[in-house]
Amino acid sequence: MTALRGLLRGNAAVNMRTAGRWISSVAAESGFSFPASQARQGVAPRRDPGSRNVQWVFLGCPGVGKGTYASRLSRLLGVPHIATGDLVRDELAATGPLSKQLTEIVNRGQLVSDEIIIDLLSKRLEDGVAKGESGFILDGFPRTRRQAEILEGVTEIELVVNLKLREDVLLAKCLGRRICSQCGGNFNVASIDIKGENGRPGISMPPLLPPEHCMSKLITRGDDTEEVVKERLRLYYELSQPVEEFYRIRGKLLEFDLPGGIPESWPKLLRALNLDDHDEKQSAAA
Ligand code: AMP
């Protein structure tokens, strides 16, 4: 753990020449184990069958749809979708002191400590490596500039997709979000139809309703209340927006304004990512 603690104290700006050695020591001592072939030095980056190096990050406010689009792309590209929010919720579902501590933090809309998040992420990556996974689409990490620096210290991020939606829509989407407590499926009962005005385009997003058998099992996330969503949005602007700038100045940021619901947005996102030549893949991921 020593190396990881050092890293969390601010060693993220490690000299590139020593990065390879440092990664090994981090991996050995802390378990912060981006697989060797995903690490930034010494070994060629992993590539998907289409020769893309898929080490991507999805940024965007709560409720924007990071999970929806990241999971579709992960199926399309054959790389894991790793959402730190899901890792945290798995932890909440367990019993024990960590679960109690995390529930309080998450239900207040606050961020979990870097130590806990990195620990959860490291374990998830290690499990993935053991199963032969390669590449990743991260969703919900990095969420602070410090987390972005830590990530940069251990691996090369190829692309950062910044999803954007107006704030009234974000709020409506969070309040309409429902999860099936049995199958884990994500749905949304919000019906959004905002007319354009004063040169601002309108936006229409039909609800994403669950199948009949999920209807009676729908639950709402504890942090999707109006008060908590507003706090999560406030924290996003304060702590996570600087991450957009972090990647913008590195030339990695792809800004994407969602034009509407999935049927409208998905093909446009594929075009923006130069993935629209795979018609058969589009239908496979839908
Ligand atoms: P999400 O599903 O991404 O909205 O995440 C749900 C909650 O998990 C957040 O409100 C935070 O409390 C926690 N969380 C997820 N990812 C992170 C992160 N990278 N850093 C700190 N806390 C996180």
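For the structure itself, look to the data block above.
Think of each chain on its own: its residues are numbered from 1, step by step along the sequence as written. Residues qualify for local features only when their pLDDT is at least 70, as the model is predicted, and side-chain atom pairs are given and counted only at 80 or more; totals for whole chains, interfaces and linings, by contrast, use all residues. As a convention, hydrogens and water are excluded, and side-chain values are obtained from all of the structure's heavy atoms.

Okay, the sheet that holds strand β2 (residues 81–83) next. Pairing between strands is defined by DSSP: at least two bridges between the two strands are required. Each helix is a run of H or I in the DSSP string that is no shorter than four residues. Each strand is a run of E no shorter than two, and both are numbered from the N terminus. Ordered in space as β2-β3-β1-β4-β10, the five strands form an open sheet in which the pairing is parallel. Where the open sheet ends on each side, the last strands, each with one partner, are β2 and β10 (253–257). Each neighbouring strand pair of the sheet contributes to a mean axis angle of 20°, computed without reference to strand direction. The strands touched by helix α3 (residues 66–77) are β1 (55–59), β2, β3 (136–139) and β4 (159–164); relative to β1, the strand with the most contacts, the crossing angle is about 160°. In this analysis, axes come from line fits to C-alpha atoms, helices being fitted only over the stretch in contact, and the angle between any two N-to-C directions falls in the range 0 to 180 degrees. For this analysis, residues touch if any pair of their heavy atoms sits within 4.5 Å.

This paragraph deals with the site of the ligand. Nearness of a residue to a molecule or strand requires only that one of the residue's heavy atoms be within 4 Å of it. Close contacts around the ligand come from 15 residues, with Thr84, Arg89, Gln110, Gly140 and Gln147 the closest. Surface accessibility follows the Shrake-Rupley procedure with a 1.4 Å probe radius. Residue values consider only the protein chains on display as shielding. Across the complex, the protein chains shield 95% of the 480 Å² of accessible surface that the ligand would expose by itself. The element contributing the most residues to the shell around the ligand is helix α4 (residues 84–93), with four residues. Note on residue categories: nonpolar means Ala, Val, Leu, Ile, Met, Phe, Trp, Tyr, Cys or Pro, charged means Asp, Glu, Lys or Arg, and polar means any other residue, Gly included. Its residues assigned to classes, the shell around the ligand comprises six nonpolar, five polar and four charged.

With 62 residues, the main nonpolar core has Trp56, Leu73 and Tyr247 as its most contacted residues. Beyond its immediate chain neighbours, meaning those up to four positions away, leucine 73 contacts Trp56, Phe58, Ile137, Trp266, Leu269, Leu270, Leu273 and Leu275. Buried residues of nine kinds, namely Ala, Val, Leu, Ile, Met, Phe, Trp, Tyr and Cys, make up a nonpolar core once their side-chain atoms join them within 4.5 Å. Here's how the labels work: a residue is buried when its accessible area is under 20% of the maximum for its type, exposed when over 50%, partly exposed in between, all with a 1.4 Å probe on protein chains only.

With that settled, consider the sheet that holds strand β5 (residues 177–180). Read across the sheet, three strands follow the order β6-β5-β9 without closing on themselves; strand pairing throughout is antiparallel. Two strands close off the open sheet at either side, each with one partner strand: β6 (186–188) and β9 (218–219). When β5 meets β9, the two strands line up antiparallel, connected through two bridges. Considered in β9, the bridge of cysteine 180 is made with leucine 218. Across the face of the sheet, helix α8 (residues 167–176) comes into contact with β5 and β6 while running at roughly 30° to β5.

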